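Residues per chain, in single letters:
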Amino acid sequence: PGRRIITFGFSPEAEVRAGCRASADEETRMAFTRALRLAGGARTPELLPSLLEQATPALELEVARAMARQPMAAYVPHLIQMLDSRQLRNIARTALVELGAPALDALRAALQDGGLPRRLRAHVPRSISRFDSPAATDLLIDWLEQEADGRVRFKVIRGLGQLRAHMGDPQRLARVAAAVRGNLGQALHYMSLRLDLMRGRTREPAFDTPGGRLLLAALADKEAYAIDRAVRLIGLRHSGDTILNIRQALA
């Protein structure tokens with residue numbers, strides 16, 4: 001009693017905030033990230049995202065591990081951004097699946113967000129397939145019917161390939177069959193254009209040019225991709241080891 005405690009202005013809260021900022025050195029930020037992963041605390045949802053600002057790949061990995069140790073809804077936007085990184089992707093997917101329905105809804109919104117980089121959107125379908133549920137299956141079938149970007153659409157089909165266990169529903173099979181017909185129709189369309197151009201080269205020398213040959217190659221490529229998508233979709237009705245036989249039959 002009667003003693004005065006002199007603090008010299010020291011504040012643990014302020015020190016922690018300062019140590020997590022981008023202006024702090026790498027070693028300090030790494031130490032706080034590991035501490036948050038091991039000990040957690042009420043401030044963790046606020047501090048972990050701040051550690052991603054101007055983070056090195058090594059620090060990003062530590063933050064991802066910390067978020068995955070105790071996933072929270074506040075981390076979902078950051079986990080979705082991590083899908084663009086090869087070293088973080090599987091960790092982020094595991095955390096998203098553990099969060100369940102809110103994370104699945106956020107992934108649906110990410111697919112619909114045309115402002116997201118194409119490279120990031122292309123990793124969303126496989127992330128959705130990791131939920132391994134009827135809801136995830138329906139989400140990908142919905143998006144297969146809407147997606148205009150060929151690369152993302154291909155990733156949607158690959159994602160559905162991981163969900164064969166949920167493809168027995170007649171309505172789902174009917175929608176997939178419609179997508180098969182659509183892709184085979186595209187293949188025939190590109191084949192028709194390619195054959196017309198090949199015939200035209202014998203009648204019109206102007207078609208037999210580097211540009212004409214490049215156009216032929218592009219049409220053949222589009223035709224092959226459309227057939228590949230159709231084969232993968234047909235394969236959803238069967239076990240994975242029958243796809244090669246289906247592809248050979250179509251060829």
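Attention here is on the structure that accompanies the text.

Conventions we followed
Residues numbered from 1 in each chain as written. Predicted model: local features only at pLDDT ≥ 70, side-chain atom pairs only at ≥ 80, totals over all residues. Heavy atoms only, no water. 1 Å grid on protein atoms, 1.4 Å probe; cavity = no way out; pocket = protein on both sides within 12 Å on 5 of 7 lines; lining within 4 Å. Points joined across faces, edges and corners; volume = space filled by probe spheres on them. Helix = DSSP H or I, 4+ residues; strand = E, 2+ residues; numbered from the N terminus. Nonpolar A, V, L, I, M, F, W, Y, C, P; charged D, E, K, R; others polar. Axes fitted to C-alpha atoms, helices over the stretch in contact; angles between N-to-C directions. Parallel < 35°, antiparallel > 145°, perpendicular 65-115°, else oblique. Left-handed = near helix turned anticlockwise from the far one by under 90°. Contact = heavy atoms within 4.5 Å. Buried < 20%, exposed > 50% of the residue type's maximum accessible area, 1.4 Å probe, protein only. Expected span 1.5 Å × (residues − 1). Polar contact = N/O pair within 3.5 Å; in protein donor to acceptor, adjacent residues only side chain to side chain.

1. Side note on the layout of surface pockets
For step 1, the next point in the chain: In this structure, the largest pocket occupies an estimated 240 Å³ of space.
For step 2, the next point in the chain: As for the largest pocket, its lining consists of G150, R151, R153, F154, Q186, Y190, D221, K222, Y225 and R229.
For step 3, the next point in the chain: Of all elements in the fold, only α11 (150–161), α12 (170–203) and α13 (210–234) reach the threshold of two or more residues within the lining of the largest pocket.
For step 4, the next point in the chain: When grouped by side-chain class, the residues that make up the lining of the largest pocket number 3 nonpolar, 2 polar and 5 charged.
For step 5, the next point in the chain: Taken as a whole, the second largest pocket encloses approximately 160 Å³ of empty space.
For step 6, the next point in the chain: In terms of lining residues, the second largest pocket is bounded by 11 residues, among which R158, G161, R164, R232 and I243 are the most central.
For step 7, the next point in the chain: Secondary structure elements with two or more residues in the lining of the second largest pocket: α11 and α14 (243–250).
For step 8, the next point in the chain: In terms of residue count, α11 provides more of the lining of the second largest pocket than any other element does, 3 residues in total.
For step 9, the next point in the chain: Looking at side-chain class alone, the lining of the second largest pocket contains 3 nonpolar, 3 polar and 5 charged residues.

2. Side note on the packing of α11 against α13
For step 1, the next point in the chain: Where α11 contacts α13, the two axes come as close as 9 Å, and the packing angle between them is 20°. Put simply, α11 runs roughly parallel to α13. Two packed elements cross with a definite hand, and for α11 against α13 that hand is left-handed. Mapping the contact onto sequence places R153, F154, I157 and R158 in α11 and D228, R229, R232 and L233 in α13.
For step 2, the next point in the chain: Residue classes in the contact of α11 with α13 are distributed as 3 nonpolar, no polar and 5 charged.

3. Concerning unusual backbone geometry
For step 1, the next point in the chain: In this structure, Q54 takes a positive phi of about 55° despite not being glycine.
For step 2, the next point in the chain: Assignment of secondary structure puts Q54 in the loop between α3 (44–51) and α4 (57–69).

4. Focus on the environment of R194
For step 1, the next point in the chain: Mapped onto the secondary structure, R194 falls in helix α12.
For step 2, the next point in the chain: For R194, a relative accessible area of 18% gives the class buried.
For step 3, the next point in the chain: C-alpha of R194 to C-alpha of L216: the two residues are 22 residues apart in sequence and 5.8 Å apart in space.
For step 4, the next point in the chain: Those residues in contact with R194, other than ones at most four positions away along the chain, are L216, L219, A220 and E223.

5. Describing helix α2 (residues 26–39)
For step 1, the next point in the chain: For α2, built from 14 residues, the straight-helix expectation of 20 Å at 1.5 Å per residue is met to within 8% by its first-to-last C-alpha distance of 20 Å.
For step 2, the next point in the chain: Taking the backbone nitrogen of E27 as reference, a side-chain oxygen 3.2 Å away marks D25 as the first, capping residue of α2.
For step 3, the next point in the chain: G40 lies just past α2 and shows a positive phi near 65°.

6. Considerations on the environment of D132
For step 1, the next point in the chain: Looking at the secondary structure, you find D132 in the loop between α9 (124–129) and α10 (134–144).
For step 2, the next point in the chain: Linking D132 and G114, residues 18 residues apart in sequence, is a C-alpha distance of 25 Å.
For step 3, the next point in the chain: What D132 contacts, discounting residues up to four positions off in sequence, is Q162, L163 and H166.

7. Considerations on the side chain of E147
For step 1, the next point in the chain: Note that E147 resides in the loop between α10 and α11.
For step 2, the next point in the chain: At a separation of 2.7 Å, a polar atom in the side chain of E147 contacts the side chain of R121.
For step 3, the next point in the chain: Of the polar contacts made by the side chain of E147, one reaches the backbone nitrogen of D149; its length is 2.9 Å.
For step 4, the next point in the chain: Sequence-distant contacts of E147, defined by excluding residues within four places in its chain, comprise L111, R121, V152 and R153.

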